Each structure stands twice: as structure tokens, then as C-alpha cells.
Amino acid sequence: MDEQALLGLNPNADSDFRQRALAYFEQLKISPDAWQVCAEALAQRTYSDDHVKFFCFQVLEHQVKYKYSELTTVQQQLIRETLISWLQAQMLNPQPEKTFIRNKAAQVFALLFVTEYLTKWPKFFFDILSVVDLNPRGVDLYLRILMAIDSELVDRDVVHTSEEARRNTLIKDTMREQCIPNLVESWYQILQNYQFTNSEVTCQCLEVVGAYVSWIDLSLIANDRFINMLLGHMSIEVLREEACDCLFEVVNKGMDPVDKMKLVESLCQVLQSAGFFSIDQEEDVDFLARFSKLVNGMGQSLIVSWSKLIKNGDIKNAQEALQAIETKVALMLQLLIHEDDDISSNIIGFCYDYLHILKQLTVLSDQQKANVEAIMLAVMKKLTYDEEYNFENEGEDEAMFVEYRKQLKLLLDRLAQVSPELLLASVRRVFSSTLQNWQTTRFMEVEVAIRLLYMLAEALPVSHGAHFSGDVSKASALQDMMRTLVTSGVSSYQHTSVTLEFFETVVRYEKFFTVEPQHIPCVLMAFLDHRGLRHSSAKVRSRTAYLFSRFVKSLNKQMNPFIEDILNRIQDLLELSPPENGHQSLLSSDDQLFIYETAGVLIVNSEYPAERKQALMRNLLTPLMEKFKILLEKLMLAQDEERQASLADCLNHAVGFASRTSKAFSNKQTVKQCGCSEVYLDCLQTFLPALSCPLQKDILRSGVRTFLHRMIICLEEEVLPFIPSASEHMLKDCEAKDLQEFIPLINQITAKFKIQVSPFLQQMFMPLLHAIFEVLLRPAEENDQSAALEKQMLRRSYFAFLQTVTGSGMSEVIANQGAENVERVLVTVIQGAVEYPDPIAQKTCFIILSKLVELWGGKDGPVGFADFVYKHIVPACFLAPLKQTFDLADAQTVLALSECAVTLKTIHLKRGPECVQYLQQEYLPSLQVAPEIIQEFCQALQQPDAKVFKNYLKTEFHCCCPGWSAVARSRLTTTSASQVFFQRAKP
């Protein structure tokens, strides 16, 4: 072996050596006999370096996994012998191999097993066991091999082909017949021998039993000798967690409901008599987490049994199962309420399913009602934050608690389904007593009281948030709690969690304020002062900005008396923060977007006359425009690139804020009706000069383009005079991404204004196309994936533009470009339909072609177009589906084929019998298509129902034509011409 290359296997080797080692590995993988060198090195223990041993196993693994069938019988025998020799050597080694080597060896054994067990090595386990016997090192390897085999055969995370899945099923069936009883016996012997002397091997063996129990005969494990041993392990500290997991797998095994009930009950009796149900005396939380999972498994198994028995009509046994479930509820509650969240979390499944049973019962017993109440109290207690929770810097522990809270919420929702009255009463009791004394209560208790009120909104669902109408008792209870929340002064509590929960709840129940609007002023003040938008915590300020915007939007009809006061109070929060002013603003630019939107909503939805609305909107936007002009001048003069970037950012924010205010307008309240057109036209005039700024083009163009999109919607035709110059600037010095983002703007204008923008479109049509082709023709590195993707996306945008033009009834825009240009455009569409393996673009191209045929394909169409149809469009409809890249397993390709069918149908519709005659007598015979297939094809094409032809094209025709591709290609006379436009676009 290349000793120099092997030096690179050491993790501390320098990068040159590592590269050499990697290249050597690739070389050995390709070499037909290099694996033999590795096999010999392993069998003869040539190398002591762990990384070299691992490397040798990797080479063998590759050989077994990918090239085994290429080996001769003798070579395959050599691999078997090598592994057995290596295994024998492990019995004698003074030191065991490192864990990573043992695991890799086990993987190679497992791969060889799944390859050979059914054919050449049926005695695999017998051979392994005869080598390892009860030697602890051998047993360790034997158990690792078993786990690797289970992973190969059963692991659902490993994706198997259908052939591998069939093979695995056959292997498991054969193992059950031939060797599973012997394996189970070996496990028993290992457990018996090592339970008191080698905890590591014993735990490994328990893991193996747990893994295999899901697919072997349960009676081999669920019997007195095994279960008694497992229960014995439950009392040995180093074994009990693994024993718990093993019992969990036994309990989880699918079986007859009555048998399952008996198994669980007998297990519970033994565990209870051994004292395991006395949770409060157990201090080991890791064990209790596993035990909680076991109890959860037992509880859920009993519930599954109950469901099956009810379904089968076996009322007597179902009653017994329910009784068995009820006797576990006390233990379940102890685990649910446990202070350790992992222990509590592991039992939630049982708890949830138990409530599901109660929901189905018509009458609850007193004990069941008490259980519901106990679960409710447990959930309320467990929802509470602990002292250690870090609100300012949330890490992994905090994220886990947030997830745990979500689980508890599901329990609360399920409780509401079982007994909504009880839940409402319990929450009301906790909420009222806590808020009565909130000043002297710990933050976590205040937070959870408000949180429970918040959670009721989803737990007690109503349509459109109408919590305060309908059911009087429920409405009055929620109304009372909301009244208490907003009048108690709890919004002043000095903890971020309470503050945030207050605002979240106020917004969640915004309909309360339509019933009792007198409370709006005090809530608005909370939003606007140090409790909300001016809070000391940036996290609170940020969330409040969003919630304030939602609050104002949902209550805009109630806001009229407060509008000017609010606008005055938020004035300082609207300030654009240029980079040079140094002071840190209270809100980030993202948060400011919500404040601008809120201001817009207040102005637009006010009851003021249009003149007042215009004045307020001008007051809002004028400071932005003034600041924009100053900053743009500064950017033009800025030398430092970092300063240029921060100025451009600030300019972009200004445009974004103005854009966001326009979201307040609607069909009922348009810009025109509110008298605000002039203000936004002024904004346009202010912002458009940024397009000609040579610095920081990307960010400035992006901002202005977004503003234009908004103005097309809001200002309608008033925006049109600005479009030509804006387009001209945006087409200068374009990159693929610029064009990709510019085309949707033109599409929006075309689709919205149609004939109104025809002169503009005719004028900019060819300049736009030249810009597109200039970018597409720029040379790029062969392996530059991102450049290739950008070009693909630009091609799609180009075809989408043509689709918009033709689909908006604007085909004359293309027709008026002169015959030569028209043909070039059409040829690019043909090329897009056929040449590029991009089904999304192909689909668009066929849509364009069928539209053009519909518009121009009749007797009165443009001169020469009928000729183009037969010479170019018809062949494209055949060549595209016959390409090897046209994959009908892909959904987008199926859609492209469907549009291809529509194109052919449209040609037939417009040209009539002439089209059929051309196909029958000229085109299809020239492709050497059999006469009976030509007949079938033309009959399908003439069917009135388009679906018939689509299905024919997809199934019959596509299947019987794979051999035509070469002939069809030679017939596609445009293929060579189609290179012209993308290669040599004329200016």
C-alpha cells in the first residue's frame, strides 16, 4: 500500500497528505483487486494505526456494497474468511479495538450478511457464535453486528428500493424459521452471564432484544424467564434504563388486544409490587424519564386495545381494558406533574389519548371528572416558566421548554373538548385570583394566568373570533377576564414575559374592544409608552410594533377619535435613521415598516374628508422625501464603499416605508378617493432619480422597482408617464438577476393596462429582448452552476413575458417589430419548446405557440405564418416529447406535454382538414411512422374532447415512438436557424 498516502489518514495530517489519502481511497475503490491488499492487511494485522484499519474496512465495505457481484466465488470466499480471521484475532488481542473500528467492522459484516445469507452463507450466525462463544470482546462484536443487521433490515430512516425491501422481508422470514430461537437463546445466555459483571455488554444485549422484538415472535421474549430477568435488571442501577427501554419495546409490539391487555397488566402488577410506582421516592431523573416512557407505552397500548375491542363489539373485555386504563391514571398524573419536564413530556401521549376516550363517553363518573380536573391543574402548573429561564438570550433549554409548552397546549385543547365549562371555570379561578394580587405575585405565575386566557381563544373555538357574542355564560366569563386584564394595571408589570403576554392577549381578543370600546385609550397608551414601543427591551419593542399594527388594523373603525394623537405620539418612531447620526433608534427598520403601515391605516380608514387625509399623508411622507433627496446627494459624493452601502440601505428603507403606507388602501378606499394621488406621484418623482445612480445599483433598483409594483396597483394609469424613463434606466448595465426582476414589472403593466401601454411596449420590446440576449450570450465557466441557473431563470422570465404579451391580446406588439424580428422571436420560442430540458419553460413556450396559432393561424393570418406552423411548430410538437430528457415521471413535464397537445389541437382547429392531410400524407410518413399509427394519431386529434387527445399523446403515442427521434431531428429545419437569435441578436 502507498505508505505516504496512508499518512494522510491521520486527522492531524496537513491538507496535502489528506488530499493524497482521499485520492488514494478513490483509486483503491476503482481498482479491481486493491481490496485484497486491504483484506490481507486486516487478516494479518499488518497495521497498528487505527485510521489505517478503518480505511481498510472502508475499502472492503465499498467492495461488498457496490462490486460484490463482479467477484469470483474464490474472491467472495476470501472476504468471508478475512472477516472471520479478523474476528478470531479480536479474541486474543490484549486491547479491544477502538469503538469506531468495531462499528465499521459490524457494518461490513451486516452488508455481507444481507448479500449472502439467503444463498451462500446460511450458517452466518452459527459461524459467528462458534468464534465468539461467551468471550466478552467477541460478544461485544456479535451484538454490534446484530444491531447493524437490524439497521440494514428494519431501519425506516434508510431508504430501500422495492427490490431491497422484498429481499429484507425474505431474510427476516428465513431468520424466523431458521435461527431466531438460537439467537434469542444466545441473548439469554449473555444476559445471565454478564448481568452482574459487565454492564456495558448487558446493556448492549438489552438494546438488541429491544430492536429485534418488533419483528420476531413475541413469545420468545414475553415469557417468565426473560421478563423476570428484565425485571431483575430494573433494580440494578447501571442496567435499569436499558431494561426499561427493552420492556417498552415488548409492550409496544403489535398483538391481539386481549393478549396485550393481559401482558401489560401482568407487567404492571410486578412493577407495582416491586415498588416502581412510588415515584416520589425515586431521585434518578434519567431513569424516571425512561420509566415515564414505559408507562406511556403501557397506557397507550391499553387504549389501542380498548379501541379495537369497542370496534369489534367486545363490550366485556373493553370494560376490563377501560378499568385497567383507569388504574394507571394516578401514576400518569404523578409523572405529568413531575418537576422534570422530560419525565412529564414522556407521559403526555397517554394523557392525551385518555382524554380522547373520555370525550367519547356519554357520561363521566365522579372519578373521571376528578381526573379531568387533576390533569387540568397539572397542565396549568407545568405551563409555568422556571426561575432559570433566560428570556434575553434563549438557548437550547429554552427552545425545549417552548416545544414542551406546545405539547401542553394540545392537552389543554383536548381538555376543552372533554369539558369546556370546567376548563373555563378553572382558568377563570386561576386568572382572577392571580390578577387580584399581581403586584405581589411572581412573574411566572402572572404570565401563566394571562397565557391561559390567551390559550382559551383556540381551545374554545368560534367563527371569526366572535368570543363575545352567542353563548352568554362563556361570553360574559371571557369579557370579565378581559376587563380585569385591561383595568388591573398588570401591563405595568416589570417583566418582559408578562408584558408580551399582555399585548398578545389584547390583540388575540380584539373583538372585546368593539363590545367595550371605553378601554381602547388605556390599551393604546400601553402600546405607545414605556410598556410597549418604548420598552427598555428591544425584543418587546419589536414584537409590540407588529402587534400594534394588528390592533389598529382590526379596530380601525373605533380609532377615529385617537388618530391625530397617535400620529403625534409615533412621530419620533417614524424618523429615518441615516448612518451618520450615531444614536441607536428605538426600532429596527423592519419594525418601522409596521409603524408606517399603521400610520397609513389610521389615515386611510379615518372619517376625515379627502383634503385632511391628503394633508396627513403628506405630513407622513414629506420628511421621507426630503431625507431621500439629501441622502442620494451624499451617496453620489461618497468615496468609502462601506459608507456607500449604509447610505444605500437607508435610501432603500425610505422607499420601503413609503411603499408600506400604500398597503392601507383598498378597493373601498382607493388612493384617488382619499385624495392621495399627488403625494405618491411626488414620491415617485423623488425616488426615480435613484435609478440613474451608478453606485449601489442593485439595492436602489430593487427598492424603486418594488415601489413601482405598488404604485401600478394604487395609482393605476397615473403611474404610466413614469414607466418609460424608469424602464430605460433599469435596462442599462443589466445583469441576469436585474432583468429577471424587471420583467415581472413589465408583465404587471402589460396585464393591467393592456392596450393603453401598447405604444410603450412596441417601443421597448426589442431593447428589452436585446438586453436579455446580451446577458444570455455572455460566456460562463462550464461548471458554473449558479450562472447556468441564472440563465435558466432568465430564459423562463423571457418566455413568461412573451406569454403575458400574447395572452393580454397584445400580439400586435410582436407583429409590428418587422418580419425579420418576428421570425427571430418565434424561433426562440420553438427553441425553448424543444432544445432546453426545462419543462417549466417548455410548457410556457407551447402556451405561447398555441395562442399565436389561435390569433394568427386562420386564413386571414399574417403572410407566411401558416408556412411557419407546418415547418416549425408542428415538428416542435413531435420533437420535444421524443427527447430523452422529456421525463413523464415529472409532473411539470406532464403539464408541458398537455400544452403540446393543446398546440396541436389548436392547429387542427384553425387549419381544419388541411392539417390532417399534411400529417397523414407528408409529415408523419417522412418520419417513417407506421400507417396504422398515423391513422390512430389523426383520429385522436380529430376527437372533439381535448382530453382524449391529451391522454393518447401521453400513453399510446409516446410509448410507441421512441425510435423516431433522429429522423424527427433531421426534419426540424429550424434547429440550426434557432441558434441564430440567441447567438447573433442584431441591435
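This one's a predicted model, so the numbers in the text were calculated from it and none came from an experiment. (Residues numbered from 1 in each chain as written. Predicted model: local features only at pLDDT ≥ 70, side-chain atom pairs only at ≥ 80, totals over all residues. Heavy atoms only, no water.)

## Considerations on the overall build of the chain
Under the convention used in this document: Secondary structure elements are defined from DSSP: runs of H or I of at least 4 residues count as helices, runs of E of at least 2 residues count as strands, and each element is numbered from the N terminus. Using the Shrake-Rupley algorithm and a 1.4 Å probe, accessible areas are obtained, with residue cover drawn only from the displayed protein chains. Charge assignment in this entry is limited to Lys and Arg as positive and Asp and Glu as negative, and neither His nor the chain termini are counted. Lysine's charge is taken at NZ, arginine's at CZ, aspartate's at CG and glutamate's at CD.
When helices and strands are tallied, the chain shows 47 helices and zero strands. Viewed in the frame of its principal axes, the chain has a C-alpha envelope of about 90 × 85 × 65 Å. Of the roughly 44,900 Å² of accessible surface on the chain, a fraction of 51% belongs to carbon and sulfur atoms. Between the centroid of the 95 positive side chains of the chain and the centroid of its 123 negative side chains there is a distance of 6 Å.

## Things to note about the nonpolar core
Quick note on the threshold: What makes a nonpolar core is a set of buried Ala, Val, Leu, Ile, Met, Phe, Trp, Tyr and Cys residues whose side-chain atoms join them at distances within 4.5 Å. Buried means the residue's accessible area, taken with a 1.4 Å probe over protein chains only, is under 20% of the maximum for its type, while exposed means over 50%, and partly exposed covers the values in between. Working rule for contacts: check all heavy atoms of both residues, and any pair within 4.5 Å makes them a contact.
If you look at the biggest cluster of nonpolar residues, it comprises 345 residues, and the most contacted ones within it are M175, W187, F291 and F937. Here this core gets 13 residues from one element, more than from any other, and that element is helix α22 (residues 443-459). Those residues in contact with F291 that lie beyond four places of it in its chain are M234, C244, L271, F276, F277, I279 and L331.

## Points about the pattern of salt bridges
Cut-off, in case you're wondering: By salt bridge we mean one thing: a side-chain nitrogen of Lys or Arg within 4 Å of a carboxyl oxygen of Asp or Glu.
Taken as a whole and assessed by the stated rule, the structure comprises 49 salt bridges. Note that K53 and D50 form a salt bridge whose closest N and O atoms lie 3.8 Å from each other. Pair noted here: K53 and D50 are both in helix α4 (residues 50-66), with a separation of three residues, about one helical turn. Judged by its relative accessible area of 17%, K53 is buried. For D50, a relative accessible area of 17% puts it in the buried group. A salt bridge links E716 to K752, with the shortest nitrogen-to-oxygen separation between them at 3.5 Å. Of this pair, E716 sits in the loop between α33 (697-715) and α34 (723-730) while K752 sits in helix α35 (residues 736-753); the two residues are 36 residues apart in sequence, bridging distant segments of the chain. For E716, a relative accessible area of 35% puts it in the partly exposed group. Taking the relative accessible area as the measure of exposure, K752 reaches 37% and is therefore partly exposed.

## Considering the side chain of S662
Quick reminder of the rule: Whenever a nitrogen or oxygen atom comes within 3.5 Å of another N or O atom, the pair is scored as a polar contact, on the condition that within protein one atom can donate a hydrogen and the other can accept it, and that pairs from neighbouring residues in sequence are kept only if both atoms are in side chains.
By the secondary structure assignment, S662 is in the loop between α31 (641-661) and α32 (677-687). Take S662: its relative accessible area is 1%, and that puts it in the buried class. Only 2.5 Å separates the side chain of S662 from the backbone oxygen of S659, close enough to count as a polar contact. In this view, S662 contacts Y680, R710, M711 and C714; residues no more than four positions away in its chain are not counted.

## Thoughts on the confidence of the model for the chain
The criterion, for reference: Values of pLDDT, which run from 0 to 100, indicate the predictor's confidence residue by residue.
When the pLDDT values of the chain are averaged, the result is 89; 94% of them are 70 or greater. Averaged pLDDT values over the elements of the chain bottom out at 37 in helix α47 (residues 974-983) and peak at 97 in helix α26 (residues 520-528). Below pLDDT 50 for its whole length, residues 962-987 participates in 56 contacts with residues either more than four positions away or in separate chains.

## Structural notes on the layout of surface pockets
As a reminder, the rule being used: In this analysis the probe radius is 1.4 Å and the grid spacing 1 Å, with only protein atoms considered; a cavity is a set of points the probe fits into but cannot get out of, a pocket is an open set with protein on both sides within 12 Å along at least five of seven lines, and lining residues have an atom within 4 Å of a point. Grid points are joined across faces, edges and corners, and a volume is the space filled by probe spheres set on the points. Gly falls in the polar group here, along with every residue not listed as nonpolar (Ala, Val, Leu, Ile, Met, Phe, Trp, Tyr, Cys, Pro) or charged (Asp, Glu, Lys, Arg).
Each pocket or cavity is described by its volume, and for the largest pocket that value is around 710 Å³. Lining the largest pocket are 23 residues, with E339, D341, K382, D386 and F401 sitting closest to its centre. Elements with a contribution of two residues or more to the lining of the largest pocket: α17 (341-346), α19 (366-382) and α20 (396-418). Tallying contributions element by element places α20 first for the lining of the largest pocket, with seven residues. The residue inventory of the lining of the largest pocket, partitioned by class, reads six nonpolar, four polar and 13 charged. Lining the second largest pocket are 22 residues, with Y385, V402, R405, R451 and E501 positioned closest to its centre. Secondary structure elements with two or more residues in the lining of the second largest pocket: α20, α22, α24 (496-508) and α27 (538-554). A total of six residues in the lining of the second largest pocket trace back to one element, the largest contributor, which is α20.

## Brief notes about empty space enclosed by the protein
Vacant regions in the atomic arrangement are exposed by a probe of water-molecule size rolled over the atoms. Under the defined criterion, the tally for this structure stands at two cavities of 30 Å³ or more. In this structure, the second largest cavity encloses a volume near 50 Å³. Taken together, Q90, P96, E97, R102, R137, D140 and L141 make up the lining of the second largest cavity. Top element by residues in the lining of the second largest cavity is helix α8 (residues 136-154). It accounts for three residues.

## Digging into the packing of helix α3 (residues 34-43) against α4
The criterion, for reference: Axis lines are fitted to C-alpha atoms, over the contacting stretch for helices. Their N-to-C directions set the angle, which ranges from 0 to 180 degrees. For classification purposes, angles smaller than 35 degrees are called roughly parallel, those larger than 145 roughly antiparallel, those between 65 and 115 roughly perpendicular, and all remaining angles oblique. Each crossing is labelled by how the near helix is turned from the far one, with a counterclockwise turn of less than a right angle marking it left-handed and a clockwise turn marking it right-handed.
Taken N-terminus to C-terminus, the directions of α3 and α4 make an angle of 135°; their axes are 9 Å apart at the nearest point. As judged from the angle between their axes, α3 and α4 are oblique. The handedness of the crossing between α3 and α4 is left-handed. Touching W35, C38, A39, A41 and L42 of α3 are K53, C56, F57, V59, L60 and Q63, all from α4. Classifying every residue of the contact of α3 with α4 gives nine nonpolar, one polar and one charged.

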